[in-house]
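Observations on the three-dimensional arrangement
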Amino acid sequence: MTTAAVRDARRVVLCDDHEIVREAIKARMSDSSVVEIVGEASNGRDVVDVVKELEPDVLIIDVELPKRDGIEATREVLKVRPRTKVIIFTAHAQPDLLALALRAGASGYVLKSAPAEDIAKAVKAVTGGGTFLGGDFAGGKPSEVEKLLELSPRERQILELLAEGLRVKEIAERLQLSPATVHTHVRNAIAKLEVDTRTEAVALAVKFSYLGAGGTA
């Protein structure tokens, strides 16, 4: 990078317990004009001290870490350095994990299977005041994920069956419920998702690949 590019790059700390992962990210970002790796840590306890000392713009952190997991480490980091933006870097495309990350204060969520350029995109997005959701969550909003997680297993199950093209009467027969009960679950799901129609509720759930969780609660 040129001197000017370094000045414009966002200062980033990496936290992953696998050295090979950290080295791979550093290698891929070595020519980036967006990312400058300024420090690293291998566990969720030490990273708090590293962030406190270096005051980076961004922390990229794994979830599964020794000594303290990435979600708890995110909370601790943001206590000592609220201005640092946190990007969760994980192999798990799970809505419940994404929601935990967002509640802990993370601004981004990047999958380890994603293209390397997603890291730079995420860093640019979060330092610009936005969010970055990768994988099945791309293009979505954190608030939408939070709402999806409020659905009960039965509400998710009914939305799944609606997405498959079943009618309310058919769903009622399959689940051994009355059509009125199915309609009640659908209305509750619409209210929780804060949408206007059943079609919007199904579309929102499908967008996040959240269906299929099943359940009969």
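Our structure is the block above this text.
All of these numbers come straight from a predicted model, not from anything done at the bench.

The next subject is helix H3 (residues 46-54). Taken residue by residue, H3 has Val47, Val48, Val50 and Val51 as its buried positions. The buried side chains of H3 occupy one side of the element, clustering within an arc of 165° when seen end-on. In H3, those exposed residues whose orientation departs by more than 90 degrees from the buried face are Asp49, Lys52 and Glu53. Of the surrounding secondary structure, the elements contacted by the buried residues of H3 are strand E1 (10-15), strand E2 (35-41), strand E3 (58-61) and helix H4 (70-80).

On to the environment of Val35. As for its position among the elements, Val35 is in strand E2. Sequence-wise, Val35 and Val58 are 23 residues apart; in three dimensions their C-alpha atoms are separated by 9.3 Å.

Let us now look at the layout of surface pockets. Size it by volume and the largest pocket reaches roughly 160 Å³. Around the largest pocket, the lining residues are Val21, Ala24, Ile25, Arg28, Met29, Phe89, Leu111, Lys112, Ala114, Pro115, Ala116 and Ile119. With 4 residues, the top contributor of residues to the lining of the largest pocket is helix H2 (residues 19-28). Split by residue class, the lining of the largest pocket holds 10 nonpolar, no polar and 2 charged.

Now for empty space enclosed by the protein. Rolled over the atoms, a probe sized like a water molecule indicates the empty space that remains. Taken as a whole and judged by the stated rule, the model has 1 cavity of 30 Å³ or more. Forming the boundary of the largest cavity are Leu14, Cys15, Asp16, Val21, Arg22, Ile25, Ile60, Ile61, Asp62 and Phe89. Among the secondary structure elements, those contributing two or more residues to the lining of the largest cavity are E1, H2 and E3. Here the residues of the lining of the largest cavity are counted per class, giving 7 nonpolar, no polar and 3 charged.

Here we come to the packing of helix H9 (residues 168-175) against helix H10 (residues 179-193). One can describe the packing of H9 onto H10 by two numbers: an axis separation of 8 Å at closest approach and a directional angle of 110°. With respect to H10, the element H9 is oriented roughly perpendicular. Judged by residue contacts, Val168, Ile171 and Ala172 of H9 engage Pro179, Val182 and His183 from H10. Its residues placed into classes, the contact of H9 with H10 shows 5 nonpolar, 1 polar and no charged.

In globular proteins that are soluble, nonpolar side chains generally tend to be buried together. Ranked by size, the top nonpolar core spans 28 residues in total, and within it Val47, Leu59, Ile61, Ile88 and Tyr109 carry the most contacts. At the level of secondary structure, the elements contributing two or more residues to this core comprise E1, H3, E3, H4, strand E4 (85-90), helix H5 (95-104) and strand E5 (108-111). For this core, the leading source of residues is H5, giving 5 residues. The residues contacting Val47, other than those within four sequence positions of it, are Val13, Cys15, Ala41, Leu59, Ile61, Ala73 and Val77.

Quick look at the environment of Pro153 now. Topologically, Pro153 is positioned in helix H8 (residues 153-163). Pro153 sits 32 residues away from His185 along the chain, and the two C-alpha atoms are 10 Å apart.

So, how was this worked out
- Residues numbered from 1 in each chain as written.
- Predicted model: local features only at pLDDT ≥ 70, side-chain atom pairs only at ≥ 80, totals over all residues.
- Heavy atoms only, no water.
- Buried < 20%, exposed > 50% of the residue type's maximum accessible area, 1.4 Å probe, protein only.
- Helix = DSSP H or I, 4+ residues; strand = E, 2+ residues; numbered from the N terminus.
- Arc of directions from axis to C-beta.
- Contact = heavy atoms within 4.5 Å.
- 1 Å grid on protein atoms, 1.4 Å probe; cavity = no way out; pocket = protein on both sides within 12 Å on 5 of 7 lines; lining within 4 Å.
- Points joined across faces, edges and corners; volume = space filled by probe spheres on them.
- Nonpolar A, V, L, I, M, F, W, Y, C, P; charged D, E, K, R; others polar.
- Axes fitted to C-alpha atoms, helices over the stretch in contact; angles between N-to-C directions.
- Parallel < 35°, antiparallel > 145°, perpendicular 65-115°, else oblique.
- Core = buried A, V, L, I, M, F, W, Y, C linked by side-chain atoms within 4.5 Å.

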